[in-house]
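Here are the chains, one letter per residue:
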Amino acid sequence: MSLNKNQVKEKILTAISQHGQPATLQDYASELGYIASDDFAEFVKVVAELERQQKIVIADDGSLSLSHHQEVLVGDFHQNQKGFGFVSVGELANDIFIPRGKTGGAMNGDRVKVKIIREEQAWKDKSAEGKIIAIDQRHLTQVTGEYTPFTSDLQAETGFVGGVKLLNKGLEQVTAMVKDQGLKAVDGEIVVVSIDEYPTSDSPFKIAGPIIQKLGHKDEPGVDILAVLNMFDIPHEFPDQVLNEADQVADEISNQDLQGREDFRNQLVITIDGADAKDLDDAISLRKVGQKYELSVHIADVSYYVKEGSQLDAEAYERGTSVYLTDRVVPMLPQRLSNGICSLHPRVDRLTMSCVMLVNQQGQVEDYRIGPSVIESKYRLTYDTVNAILEDEDPVAIDENKAVVPMLREMGELHQILAQMRQRRGAIDFDTKEAEIIVDNEGHPLDILVRERGIGERLIESFMLCANETVARHFDQGHLPFMYRVHEQPDAKRMQSFLEFSSTFGLRLTGSSETIKPKQLQQALTKIDGEPYEQMVSTMLLRSMKQARYDTQALGHFGLAAEDYTHFTSPIRRYPDLIVHRLIRRYKEENSQLVKQSRLVADLPDIAEHSSNMERRAVDAERETDSLKKAEYMQDKIGMTFQGIISSVTSFGLFVELANTVEGLVHISTMKGDYFNYIDSQMTLIGERTGLRFSIGDVVTVKVVKADVDSREIDFNLVYSEDQENQLASQARTKTNKGKVKRKKHRNSQEANHDKKAKPGRQSAKRTHKKQGKRTKAEKNIDKQKRQNKKFVIRQSKNNRRKKK
């Protein structure tokens with residue numbers, strides 16, 4: 001054997017880890033080239049040693065798999081409301097299943113140590129099973145919920161003054177007991193409990209601690225949103241030292257601030273935002289250069305004011321992002337900065353970081369420059385105004401903004417060029433519906449609208465995408481440490497599920513789930529443009545994608561079909577953008593080798609991971625708030641009927657989405673008139689007798705029967721169409737008629753038997769003879785006992801012969 005034993009072991013372990021299906025010792029010997037007799041004998045010894053060392057497991061069928069029995073793995077625990085859960089471990093492709101009773105007192109989100117008790121069986125699609133043996137770090141130190149006081153008898157019995165119904169996701173089964181040492185609350189008050197007693201093996205669903213904060217009664221305006229912020233541990237008040245530091249930032253720009261900046265104050269620079277936006281962090285300008293376009297994207301230079309190592313910087317890092325809820329914004333930076341000196345208000349000088357790009361008619365950036373700058377925005381336009389000018393050709397809007405109209409029209413041209421360029425390369429347009437919840441002064445929902453994205457919104461998006469790609473490409477090609485926004489190739493299993501799902505709509509995609517290209521998915525969405533199920537297929541495709549995240553490696557952006565991408569354009573509300581600006585400044589002002597050795601570059605991986613986590617936290621909080629307000633909005637709609645589209649089909653029912661994006665469940669138990677079977681491959685429910693089918697994308701009518709704000713659940717009942725009612729009624733009549741025919745046949749049979757008994761012929765005589773030949777039950781039992789006795793005698797005889805031998 002040419003390789004030493006340790007090298008052979010490494011090759012075997014690598015081969016096993018990369019195999020997607022079971023393989024035997026002989027398979028691996030052939031694969032690794034050890035088929036000669038001497039080599040194979042040596043190979044077998046190495047495999048046997050790996051098994052003795054418990055590094056591999058040899059199954060009953062001879063297949064080899066890696067063993068984790070002796071390893072203690074560390075990962076994050078995700079608990080299901082039924083009590084079981086999963087631990088995600090970075091080095092493992094699949095999560096470890098943790099059965100109920102083996103969670104070791106861990107709670108949702110905890111960092112835990114886990115030991116494998118059953119190896120993964122990938123070929124059976126079974127994940128590894130484990131048990132949690134220790135908790136490294138608690139994810140939650142406090143919980144939020146509704147307080148209920150105990151009676152004096154219950155207090156004496158339990159030793160606690162009350163209990164809290166938790167609002168935190170993943171803790172539906174956990175009971176929070178309140179100790180007497182903290183704040184005193186009243187029935188129905190939303191409180192925050194500090195946890196000082198965590199679940200144990202004996203009490204896996206009980207925690208305890210004192211009340212440390214009272215948010216207000218559950219019916220008070222705004223308390224529901226405060227509860228959500230506390231549930232997700234999102235800080236919504238700035239510490240005094242951070243506010244004091246923000247107060248020290250100057251309100252105006254000095255001459256010293258202008259040193260080393262390109263001056264764009266004489267150019268026609270504008271901002272385009274929503275009408276209610278206050279933190280304006282991007283501005284744009286455009287001029288034609290022959291047949292090409294010089295596009296300038298100017299971004300608020302937040303990193304100039306938020307210095308590395310400052311209290312402002314530490315707080316921005318912890319928050320990671322601004323959080324946009326229905327009736328409020330929880331900013332990443334104090335308002336003195338976010339709405340003040342950093343916001344690009346019109347007719348005042350502002351410090352910016354600019355990316356100036358020369359774009360040709362094919363949408364390619366031929367030349368660019370990136371660096372610090374100063375601007376004065378001349379116009380503060382809204383999306384509605386830009387849409388009125390470019391889409392509706394509104395004469396009033398055109399006249400009021402005539403100085404900027406020619407540039408806007410050229411911007412519209414460039415947007416179309418950039419959009420076509422992205423489409424040619426395969427970018428996927430996930431144009432999903434986004435709800436806009438209108439609330440009154442007390443936060444109660446008045447209406448739910450679907451946000452419309454006009455050319456103004458799309459135009460800004462195109463220009464920001466172009467700047468983000470240009471900045472990312474510059475640093476990637478320069479091989480300089482940097483922060484990227486990445487969106488990796490979809491998981492093969494999830495993509496395979498989508499391919500199977502989309503085939504039910506006649507979409508046949510070539511290629512495999514492992515190597516599918518964005519262009520193929522984009523073309524699939526184009527084929528179903530305008531179909532009733534378009535939104536559903538787009539949503540399912542989005543669910544099959546990996547989450548975008550931040551990374552120090554330029555891994556590309558699958559959804560945009562871009563090789564390089566970063567976030568450069570929103571430093572007021574996203575911490576990674578602030579870091580990108582900081583890096584741009586450092587590389588411009590310092591030697592790149594010194595920057596590479598800096599603390600900032602060393603911290604980039606941690607910053608990327610933390611920022612990704614904070615982004616997910618913000619998204620979860622925004623979804624939770626939307627669900628809460630949608631349930632509240634539907635409370636006075638109970639009993640009303642609406643038309644909707646089936647957005648998802650499960651074994652327990654249908655999820656139906658209304659035109660305003662409100663989604664509710666039609667539970668299968670409420671679907672009367674038939675027994676419905678779930679066809680997993682088609683995601684369809686089919687009536688066993690009627691053949692009624694309910695699939696994703698079907699238009700249905702539903703009646704609202706439940707809207708629970710506490711659980712965020714909305715329930716519907718199906719209102720069958722006239723055709724469906726007729727189908728159900730027809731089947732019911734058929735069933736009744738079949739019953740009548742069956743009963744009639746039974747009566748005719750009885751009459752015929754009566755006639756045969758009255759007039760016995762040859763056939764009757766034969767039946768009588770057979771009947772006489774039947775043995776009684778007693779006779780059968782006697783025969784059975786004889787057979788058993790015979791078997792016993794034979795068995796005894798064999799045993800005696802064995803003894804003699």
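Data block above holds the structure.
Quick caveat: nothing in here was measured; it's all calculated off a predicted structure.

Colleague: A description of the overall build of the protein should follow, citing residues and the corresponding values.
Modeller: Of regular secondary structure, the protein possesses 22 helices and 33 strands. Within the protein, the fraction of its 805 residues that count as buried is 44%. In the protein, 66% of the contacts between residues at least 6 apart in sequence involve partners at least 24 apart.

Colleague: How would you summarise the state of the cysteines if you had to cite specific residues and measurements?
Modeller: Disulfide: a covalent bond formed between the sulfur atoms of two cysteine residues. Across all of its chains, the model carries zero disulfides by this definition. Cys 355 provides the cysteine sulfur closest to Cys 466, a residue in no disulfide bond, and the two sulfurs are 7.2 Å apart.

Colleague: Describe the nonpolar core, with residues and values.
Modeller: Of all hydrophobic cores here, the largest spans 85 residues; its most connected members are Ile 272, Ile 284, Leu 408 and Phe 463. Looking at this core element by element, the count peaks at 10 residues for helix α13 (residues 455-477). With residues near it in sequence (within four places) discarded, Ile 284 still touches Leu 268, Val 269, Ile 270, Ile 272, Ser 296, Val 297, His 298, Met 411, Leu 459, Ile 460, Phe 463 and Met 464. Of all hydrophobic cores here, the second largest spans 48 residues; its members include Ala 435, Ile 448, Ile 528 and Leu 685.

Colleague: Describe unusual backbone geometry, with residues and values.
Modeller: A positive phi is found at Asp 233, a non-glycine position, where the angle reads about 55°. Along the chain, the position of Asp 233 falls in the loop between α5 (223-231) and α6 (240-247). Not every positive phi belongs to a glycine, and Arg 712 is a case in point at roughly 65°. Along the chain, the position of Arg 712 falls in the loop between β32 (699-708) and β33 (713-719). Assessed through its relative accessible area of 14%, Arg 712 is described here as buried.

Colleague: Tell me about the sheet that holds strand β31 (residues 693-695), and please be specific about residues and values.
Modeller: One open sheet holds the three strands; their spatial order is β29-β30-β31, and the pairing between them is antiparallel. At either margin of the open sheet sits one strand with a lone partner, and together these are β29 (676-679) and β31. Between one strand axis and the next, the sheet turns by 20° as a mean value, whatever way the strands run. Pairing of β29 with strand β30 (residues 684-687), which is carried by four bridges, proceeds in the antiparallel orientation. Bridge assignment links Phe 676 to a residue of β30, and that residue is Gly 687.

Colleague: Explain the pattern of salt bridges to me, using residue names and the numbers behind them.
Modeller: This model, assessed by the stated rule, comprises 42 salt bridges. The salt bridge partner of Asp 180 is Lys 184, with a shortest N-O separation of 2.6 Å. The exposure class assigned to Asp 180 is partly exposed, which follows from its relative accessible area of 46%. Linked by salt bridges that have partners in common, Arg 261, Asp 301, Arg 585 and Glu 589 make up one network.

Colleague: How would you summarise the environment of Leu 229 if you had to cite specific residues and measurements?
Modeller: Along the chain, Leu 229 falls in helix α5. Leu 229 gets classed as buried once you look at its relative accessible area, which sits at 1%. Sequence-wise, Leu 229 and Thr 625 are 396 residues apart; in three dimensions their C-alpha atoms are separated by 9.3 Å. With sequence-adjacent residues up to four places away left out, Leu 229 is seen in contact with Ile 234, His 236, Leu 325 and Val 330.

Colleague: Explain the pairing of strand β16 (residues 282-289) to me, using residue names and the numbers behind them.
Modeller: Two elements, β16 and strand β17 (residues 292-300), share eight bridges in a ladder whose sense is antiparallel. In the strand pairing of β17, Ile 284 is matched with Val 297. In sequence, β16 turns back onto β17 through a hairpin of two residues, with Gly 290 there showing a positive phi of about 65°.

Colleague: Could you give an account of the environment of Glu 129, naming the residues involved and the relevant values?
Modeller: Within the secondary structure, Glu 129 is located in strand β7 (residues 129-137). Distance in space between the C-alpha atoms of Glu 129 and Phe 86 is 8.9 Å, their sequence separation being 43 residues. The residues contacting Glu 129, other than those within four sequence positions of it, are Ile 96, Phe 97, Pro 99, Lys 115, Ile 116, Ile 117 and Arg 118.

Colleague: Run through α13, naming residues and quoting values.
Modeller: It helps to recall that an α-helix has 3.6 residues per turn; residues three or four apart then point in one direction. Counted at 1.5 Å a residue, the expected span for α13 with its 23 residues is 33 Å, and the 32 Å between its end C-alpha atoms agrees. In terms of residue burial, α13 counts as a mostly covered element, since 17 of its 23 residues are buried. In the stretch just after α13, His 479 is the one whose phi turns positive, near 55°.

Colleague: Tell me about the packing of aromatic side chains, residues and numbers included.
Modeller: Within this structure, the stated rule accounts for 12 aromatic pairs. Look at Phe 498 and Phe 501: their rings are 6.5 Å apart centre to centre, the planes differ by 45°, and that puts the pair in the tilted class. On the criterion of helical spacing, the pair formed by Phe 498 and Phe 501 is a turn pair, its members being three residues apart in helix α14 (residues 492-503). By the burial criterion, Phe 498 is buried, and Phe 501 matches it. Among the aromatic residues, those joined into a ring-pair cluster are Phe 475, Phe 482, Tyr 484 and Tyr 587. Seen from the ring of Tyr 304, Arg 261 lies directly overhead, with NZ or CZ sitting 4.9 Å from the centre. Seen from the ring of Phe 238, Arg 319 lies directly overhead, with NZ or CZ sitting 3.7 Å from the centre.

Procedures and definitions
- Residues numbered from 1 in each chain as written.
- Predicted model: local features only at pLDDT ≥ 70, side-chain atom pairs only at ≥ 80, totals over all residues.
- Heavy atoms only, no water.
- Helix = DSSP H or I, 4+ residues; strand = E, 2+ residues; numbered from the N terminus.
- Buried < 20%, exposed > 50% of the residue type's maximum accessible area, 1.4 Å probe, protein only.
- Contact = heavy atoms within 4.5 Å.
- Disulfide = S-S within 2.5 Å.
- Core = buried A, V, L, I, M, F, W, Y, C linked by side-chain atoms within 4.5 Å.
- Pairing = 2+ DSSP bridges.
- Axes fitted to C-alpha atoms, helices over the stretch in contact; angles between N-to-C directions.
- Salt bridge = Lys/Arg side-chain N within 4 Å of Asp/Glu carboxyl O.
- Expected span 1.5 Å × (residues − 1).
- Phe/Tyr/Trp six-rings, centres within 6.5 Å; stacked < 30°, edge-to-face > 60°.
- Lys NZ or Arg CZ within 6 Å of the ring centre and 35° of its normal.

So far we have only geometry, and geometry alone does not tell us how the molecule works.
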